[in-house]
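Each chain is listed here by its residues.
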Amino acid sequence: IDAATGLPITVSVLDVRQMEELGMGAVLGVGRGSDEEPKFIVMEYWGAENDDLPALRRAATRQAGNPIVLVGKGVTFDTGGLNLKSDTNMYEMHMDMSGGAAVIHALVVAAKLKLKKNIVALVPAVENMPSGSSYHPGDVLRSMSGKTIEVLNTDAEGRVILADALHYAKKYKPRLVVDVATLTGAIHVALGAHASGLFTNNHDLEGRFRALGEETGDYVWPMPLWDEYESEIKGTFGDWANTGKGRYGGAINAALFLYQFTKDERGKEAYPWVHIDIASRMT
């Protein structure tokens, strides 16, 4: 039982040293410009094990009933870093941790409802600040996966920190990974303020999430993840660039960047994955 919540939740907060040992160069790179050290929050709720099934059945459930992993962008304040935002776009940036807040609250609600599900929440938490120690445009960061990230714009930091979280999720052999992030202004342009962008290559999941959105009023709308867009984010000095080469398709480019870190060593999808860009719903 977690002392803070009184719920059957395990909470771990990885510090800089622990992230260095894991090779989380993406999270550490974004966070190094702030006086506030970055953290990596791990919350686990093993509800499927807390039932009245016989011990043998519980053991089978533990092996076969892999968890759902929820990944949330936790940028506690986003100035844009050295690619500084304008004053008109900065004052609301304490809400850039909305994805992280959403997945933490989802896991806590599941525990309070005693859902018979195994759920993990992962939140890379950083503050993106300009300073003498900030990461620069032109830097190349080595992510936990070993793939390198060419930084073209320090204000595209959310996808960078999520790269490490999506790779970390593989350790759970998840049945599904859903990441939630206030990722791009481009999705706001595309969909307005009444729907979030939905990205997945799984048509069954696309249909299910759309139906859930209609049921709850928290609408999502599918966007493409076609391979043709990948040429926009291929790096020159790193494996993948954190922004596209042009001004168009920004939300798609960001989603395809994330997609690269959901793959295994053979380049195949390591798990079923859904990305929800909630920037259009942040306010």
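Student: Lay out the nonpolar core in plain terms, naming residues and giving numbers.
Tutor: Ranked by internal contacts, the top residues of the largest apolar core, which has 50 residues, are Phe40 and Leu122. Elements with a contribution of two residues or more to this core: helix 1 (16-22), helix 2 (25-31), strand 2 (39-46), strand 3 (68-72), strand 5 (118-128), helix 5 (158-168), strand 8 (176-181) and helix 8 (250-259). Sorting elements by how many residues they give to this core places helix 8 first, with eight residues. What Leu122 contacts, discounting residues up to four positions off in sequence, is Phe40, Ile41, Val42, Val69, Leu70, Val71, Gly72, Val103, Ala165, Tyr168, Ala169 and Tyr172. One finds Met43, Val103, Val123 and Val178 within the second-largest nonpolar core, a separate group that totals 25 residues.

Student: I'd love a proper account of empty space enclosed by the protein, names of residues and values included.
Tutor: Inspection of every chain in the model, using the stated rule, returns one cavity of 30 Å³ or more. Counted as a void, the largest cavity has a volume near 50 Å³. Taken together, Thr200, Asn201, Asn202, Tyr259, Thr262, Glu269, Pro272 and Trp273 make up the full set of residues lining the largest cavity. Split into classes, the residues belonging to the lining of the largest cavity amount to three nonpolar, four polar and one charged.

Student: Describe a nonpolar patch on the surface, with residues and values.
Tutor: Taken together, Val109, Leu113 and Leu115 make up a surface patch of nonpolar side chains, about 260 Å² in accessible area. In this fold, Val109 is placed in helix 4 (residues 98-112). The partly exposed category is assigned to Val109, whose relative accessible area is 44%.

Conventions and cut-offs
Residues numbered from 1 in each chain as written. Predicted model: local features only at pLDDT ≥ 70, side-chain atom pairs only at ≥ 80, totals over all residues. Heavy atoms only, no water. Core = buried A, V, L, I, M, F, W, Y, C linked by side-chain atoms within 4.5 Å. Buried < 20%, exposed > 50% of the residue type's maximum accessible area, 1.4 Å probe, protein only. Helix = DSSP H or I, 4+ residues; strand = E, 2+ residues; numbered from the N terminus. Contact = heavy atoms within 4.5 Å. 1 Å grid on protein atoms, 1.4 Å probe; cavity = no way out; pocket = protein on both sides within 12 Å on 5 of 7 lines; lining within 4 Å. Points joined across faces, edges and corners; volume = space filled by probe spheres on them. Nonpolar A, V, L, I, M, F, W, Y, C, P; charged D, E, K, R; others polar. Patch = residues over 30% accessible without salt bridge, like charges linked within 9 Å, V, L, I, M, F, W, Y side chains within 5 Å. Areas by Shrake-Rupley, 256 points an atom, 1.4 Å probe, with all protein chains shown as cover. Salt bridge = Lys/Arg side-chain N within 4 Å of Asp/Glu carboxyl O.

By themselves, these observations are geometric and do not establish any function.
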